[in-house]
Amino acid sequence: MRISVRVQEVDFNLSAENNALRADDDGIGAIAQFVGVMRNQNDGDTVSAMELEHYPGMTEKAITEIITEASSRWTLRAATVIHRVGKILPGEQIVWVAVCASHRHEAFQACEFIMDFLKSRAPFWKKETLADGSSRWVDARCSDAAALARW
Amino acid sequence: MIKVLFFARLREELACDSLSVDFAGSVAELKAALLERGVAWSALEADNIVCAVNQSVAKDSQIIQAGDEVAFYPPVTGG
């Protein structure tokens with residue numbers, strides 16, 4: 001199985017990444033993709049920007065372990081996770097999770113599994129800047145921890 | 001020597017992103033030793049602070065050895 005994990009400041013091009021992911025593998029019958037995008041609202045406030053911090057090295061390791069776990073549960077052909085760090089503005093892409101399998105069930109399930117575990121395990125932290133110029137760290141959500149329980 | 005890293009809100013509360021310390025013992029003992037650095041360091045005692053040793057999440061009982069990389073951080077919020 002091909003695994004690719006990237007953490008980067010620059011935006012990514014979904015079309016180019018999708019072509020790279022498929023890599024002329026004609027055994028692929030299903031591709032499930034999730035794109036996380038920055039909202040302009042959080043907890044009732046207007047958010048003007050976000051700064052994403054991470055733990056270089058551990059981030060890549062943690063995501064690779066999550067994909068490896070997914071590949072032990074479902075038969076997958078390829079998976080890519082791209083996660084941005086640094087300054088991000090409303091409407092911009094934050095994260096891309098894409099999974100290739102022979103059939104859709106595996107692709108759908110694995111894509112959701114990887115995203116759920118990324119939210120709770122991968123060492124990223126968001127700090128948001130509000131419309132008035134103040135900034136605050138985003139708190140982890142109980143719903144994210146609950147999302148793991150179903151797996 | 002070991003390297004100790006701090007991230008996000010915790011890094012700001014401690015006004016410290018990394019330390020090099022001469023230490024051998026458990027994660028719990030390392031926390032106890034760091035608490036002696038000042039009142040702000042009690043932030044390490046919060047229940048939700050995660051510890052990683054060599055980039056894997058570790059329990060309080062895990063033994064740290066010379067050359068290890070230890071990190072403390074608040075709950076993650078990526079994605």
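So, how was this worked out
- Residues numbered from 1 in each chain as written.
- Chains lettered and ligands numbered in written order.
- Predicted model: local features only at pLDDT ≥ 70, side-chain atom pairs only at ≥ 80, totals over all residues.
- UniProt positions renumbered as here; feature names shortened; annotations may be inferred.
- Core = buried A, V, L, I, M, F, W, Y, C linked by C-beta atoms within 7 Å.
- Buried ≥ 20, exposed ≤ 12 C-beta atoms within 10 Å, placed from the backbone.
- Contact = placed C-beta atoms within 7 Å.
- Helix = DSSP H or I, 4+ residues; strand = E, 2+ residues; numbered from the N terminus.
- Pairing = 2+ DSSP bridges.
- Axes fitted to C-alpha atoms, helices over the stretch in contact; angles between N-to-C directions.

- Under an unreviewed UniProt entry, the name given to chain B is Molybdopterin synthase sulfur carrier subunit, and the source organism is Spongiibacter pelagi.

- For chain A, an unreviewed UniProt entry supplies the name Molybdopterin synthase catalytic subunit and the organism Spongiibacter pelagi.
- Entered under Subunit (unreviewed entry) in the UniProt record, the comment concerning chain A runs "Heterotetramer of 2 MoaD subunits and 2 MoaE subunits. Also stable as homodimer. The enzyme changes between these two forms during catalysis."
- According to its UniProt record, chain A has this under Pathway (unreviewed entry): "Cofactor biosynthesis; molybdopterin biosynthesis."

Things to note about the nonpolar core
Alright, step 1. Counting 52 residues, the largest nonpolar core has V99, A110 and I114 of chain A together with F7 and A71 of chain B as the members making the most contacts within it.
Alright, step 2. Not counting residues up to four positions away in its chain, the partners in contact with F7 of chain B are E53, Y55, P123 and W125 of chain A together with A71 and Y73 of chain B.

Examining the environment of V7 of chain A
All names here are of chain A.
Alright, step 1. Relative to the helices and strands, V7 is located in strand β1 (residues 2-8).
Alright, step 2. Judged by the 22 C-beta atoms lying within 10 Å of it, V7 is buried.
Alright, step 3. As a C-alpha pair, V7 and H83 span 76 residues in sequence and 4.9 Å in three-dimensional space.
Alright, step 4. V7 has contacts with H54, T59, E60, H83 and V85, leaving out every residue within four places of it along the chain.

Considerations on the interface of chain B and chain A
Alright, step 1. At the junction of the two partners, chain B supplies 13 residues and chain A supplies 21 residues.
Alright, step 2. Of all the secondary structure elements, the ones that give two or more residues to the side of chain B that touches chain A are α1 (8-14) and β7 (69-73) of chain B.

Regarding the sheet that holds strand β2 (residues 30-37) of chain A
Residue and element names in this part refer to chain A.
Alright, step 1. Read across the sheet, four strands follow the order β1-β5-β7-β2 without closing on themselves; strand pairing throughout is mixed. If you trace the sheet from one side to the other, it starts and ends with β1 and β2, each paired once. Strand-to-strand twist in this sheet, taken as the mean axis angle between neighbours without regard to direction, amounts to 5°.
Alright, step 2. Here strand β5 (residues 76-84) pairs with strand β7 (residues 93-101) via seven bridges, running antiparallel. Within β7, the position partnered with T80 by the bridge is A98.
Alright, step 3. On the sheet, helix α1 (residues 14-22) packs against β5 and β7 and is oriented at approximately 30° with respect to β7.
Alright, step 4. Sheet strands touched by helix α2 (residues 58-73): β1 and β5. Its angle to β1, the strand with the most contacts, is close to 150°.

Here we look at the pairing of strand β4 (residues 45-54) of chain A
Residues and elements named next belong to chain A.
Alright, step 1. For strand β3 (residues 41-42) and β4, the ladder comprises two bridges, and the chain directions are antiparallel. Residue pairing in the sheet places Q41 in a bridge with T46 of β4.
Alright, step 2. Between β3 and the antiparallel strand that follows it, β4, lie two residues; D43 among them carries a positive phi value of about 50°.
Alright, step 3. Relative to strand β8 (residues 124-130), β4 runs antiparallel, the two being bridged by seven bridges. Along β8, the bridge assignment pairs H54 with F124.
Alright, step 4. Note: β4 against strand β6 (residues 86-88), three bridges, orientation antiparallel. From the neighbouring strand, E51 faces β6, where its bridge partner is K87.

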